[in-house]
Amino acid sequence: MRELAAVLGVRPTKQRGQNFVIDANTVRRIVRTAEVRADDVVVEVGPGLGSLTLALLDTADRLVAVEIDDVLAAALPATIQARMPAKADRFSLVHSDAMLVKELPAEPTALVANLPYNVAVPVLLHMLEHFPTIERTLVMVQAEVADRLAAKPGNKVYGVPSVKANWYAEVKRAGSIGRNVFWPAPNVDSGLVSLVRRAEPVDTTATRQEVFAVVDAAFAQRRKTLRAALAGWAGSAPAAEAALVAAGISPQARGEALTVEEFARIAEAKA
């Protein structure tokens, strides 16, 4: 990876949160933990120099990589052709910002990625929203972000990412990753997060946008009771209380205590 970077004149940039995985055992572990199957169509966001890309393509039926960096995107197909020519026709590149991607060359069944730290949560939620065929996800993110995504109600780090991720999937921590497997080595530890798409969506008549609006409002002022925190969303504190009571939620509760299903009930009550 370092040799390839030198040839390309590439240096990882903080602006894009780039920390390239340079340890072969780590990429093999990620593929194994992700339970990538021979019939999977995997989408990878931020393939960088291609270390995880090669490991994924070695196992999956097809791989679609989404890369925003001009130099890296231009080089990746040649890397695949040179290192894995037998599967080069199973590889597709989408040169774009992942947050703008709403169509892919094939319907993905799995998302596996070392996500850039600075955009990890929005990219993850965007992909889960726009590609409902993604059944399984394994992402490597900053350890603190991994904790937030996998947190359960009542946990001090439970918040917006936790609830929104749980709207789509069952979420859990799937391991820790040390700093020395990256180039450059980050100043923080990393964690793996597994997300398995819900077999049945959250049972609610409210839309995703309506539920997420309640979640955003509840955690914008997380120290306040829901009666106070949801006043702006509902139009007034009494209106918020009425919606909470109708949903069977105590107006004195706080957002950090609620499940995604309970947030959905609040959204329904206001509607």
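Here goes a summary of the coordinates provided. Only a predicted model underlies this, so the values are computations on that prediction, with no experimental measurement involved. (Residues numbered from 1 in each chain as written. Predicted model: local features only at pLDDT ≥ 70, side-chain atom pairs only at ≥ 80, totals over all residues. Heavy atoms only, no water.)

This paragraph deals with the packing of aromatic side chains. Under the defined criterion, the tally for this structure stands at four aromatic pairs. Judged by centre distance (5.9 Å) and plane angle (75°), the rings of Trp-167 and Phe-212 are edge-to-face. In this pair, Trp-167 sits in helix 7 (residues 160-168) while Phe-212 sits in helix 8 (residues 208-220), placing the two residues 45 residues apart along the sequence. Relative to Phe-263, the ring of Phe-219 lies with its centre 5.9 Å away and its plane at 45°, an arrangement referred to as tilted. Here the residue Phe-219 occupies a position in helix 8, and Phe-263 occupies one in helix 12 (residues 260-270), the gap between them amounting to 44 residues. Each member of the pair, Phe-219 as well as Phe-263, carries the same accessibility label: buried. Among the aromatic residues, those joined into a ring-pair cluster are Tyr-158, Phe-219 and Phe-263. Of note, Lys-270 hangs over the ring of Trp-233, and the distance from its end group to the ring centre comes to 5.3 Å. (Phe/Tyr/Trp six-rings, centres within 6.5 Å; stacked < 30°, edge-to-face > 60°. Helix = DSSP H or I, 4+ residues; strand = E, 2+ residues; numbered from the N terminus. Buried < 20%, exposed > 50% of the residue type's maximum accessible area, 1.4 Å probe, protein only. Lys NZ or Arg CZ within 6 Å of the ring centre and 35° of its normal.)

Now for helix 11 (residues 237-246). Buried residues of helix 11: Ala-237, Ala-240, Ala-243 and Leu-244, and no others. For helix 11, the angular spread of the buried residues around the axis is 125°, confining them to a single face. Across helix 11 from its buried face, at more than 90 degrees, point the exposed residues Pro-238, Val-245 and Ala-246. Here the buried face of helix 11 lies against helix 9 (226-229), helix 10 (231-234) and helix 12. By the N-cap criterion, in which a side-chain oxygen at the helix start approaches the backbone nitrogen of a residue two or three places on, helix 11 is capped by Ser-236, the distance to Ala-239 being 3.1 Å. At the exit of helix 11 stands Gly-248, carrying a positive phi of roughly 80°. (Arc of directions from axis to C-beta. Contact = heavy atoms within 4.5 Å. Polar contact = N/O pair within 3.5 Å; in protein donor to acceptor, adjacent residues only side chain to side chain.)

This brings us to the nonpolar core. Within the largest apolar cluster, 61 residues are counted, with the highest numbers of intra-cluster contacts made by Leu-115, Leu-195, Val-211, Leu-230, Phe-263 and Ile-266. When sequence neighbours within four positions are dropped, the list of residues in contact with Leu-230 reads Val-214, Ala-217, Ala-218, Ala-240, Leu-244 and Ile-266. Listed in part, the 26 residues of the second largest apolar core include Val-42, Leu-57, Ala-65 and Val-112. (Core = buried A, V, L, I, M, F, W, Y, C linked by side-chain atoms within 4.5 Å.)

As a further point, take helix 4 (residues 70-83). An α-helix turns once every 3.6 residues. As a result, residues three or four positions apart point the same way. Taking 1.5 Å of rise per residue, 14 residues should cover 20 Å, and helix 4 covers 21 Å from first to last C-alpha, within 8% of that figure. In the structure, helix 4 departs most strongly from a straight axis at Leu-76, where the bend amounts to approximately 30° and where the proline Pro-77 lies between one and four residues downstream. Within helix 4, the full set of buried residues consists of Leu-72, Ala-73, Ala-75, Leu-76, Thr-79 and Ile-80. Where helix 4 begins, the capping side chain belongs to Asp-69, and its oxygen is found 3.0 Å from the backbone nitrogen of Val-71. (Expected span 1.5 Å × (residues − 1). Bend = angle between axes of the 7 residues up to and from the residue.)

In this section: the pattern of salt bridges. Inspection of every chain in the model, using the stated rule, returns twelve salt bridges. For the salt bridge of Arg-37 with Asp-39, the shortest nitrogen-to-oxygen distance reads 3.3 Å. Judged by relative accessible area, Arg-37 falls into the partly exposed class, the value being 38%. The salt bridge partner of Arg-90 is Asp-61, with a shortest N-O separation of 2.9 Å. Remark: Asp-61 occurs in the loop between helix 3 (51-59) and strand 3 (62-67) and Arg-90 occurs in the loop between helix 4 and strand 4 (91-95); sequence separation between them is 29 residues. Assessed through its relative accessible area of 36%, Arg-90 is described here as partly exposed. The exposure class of Asp-61 is partly exposed, given its relative accessible area of 27%. Residues participating in the shared-partner salt-bridge network are Arg-37, Asp-39, Asp-40, Glu-135 and Arg-136. (Salt bridge = Lys/Arg side-chain N within 4 Å of Asp/Glu carboxyl O.)

As a further point, take the packing of helix 8 against helix 12. Each packed pair of helices is defined by two parameters, the angle between the axes and the distance between the axes. The geometry of helix 8 relative to helix 12 is characterised by a closest axis approach of 8 Å and an angle of 105° between their N-to-C directions. On the basis of their axis angle, the class for helix 8 and helix 12 is roughly perpendicular. Facing helix 8, whose interface residues are Glu-210, Val-211, Val-214, Val-215, Ala-218 and Phe-219, helix 12 presents Phe-263, Ala-264, Ile-266 and Ala-267. Across the contact of helix 8 with helix 12, the residue classes break down as nine nonpolar, no polar and one charged. (Axes fitted to C-alpha atoms, helices over the stretch in contact; angles between N-to-C directions. Parallel < 35°, antiparallel > 145°, perpendicular 65-115°, else oblique. Nonpolar A, V, L, I, M, F, W, Y, C, P; charged D, E, K, R; others polar.)

A separate point is the environment of Phe-212. You can call Phe-212 buried: its relative accessible area is 7%. Taking the C-alpha atoms as reference points, Phe-212 and Val-163, 49 residues apart in sequence, are found 8.6 Å from one another. If we ignore the near neighbours within four places in the chain, the residues touching Phe-212 are Lys-164, Trp-167 and Tyr-168.

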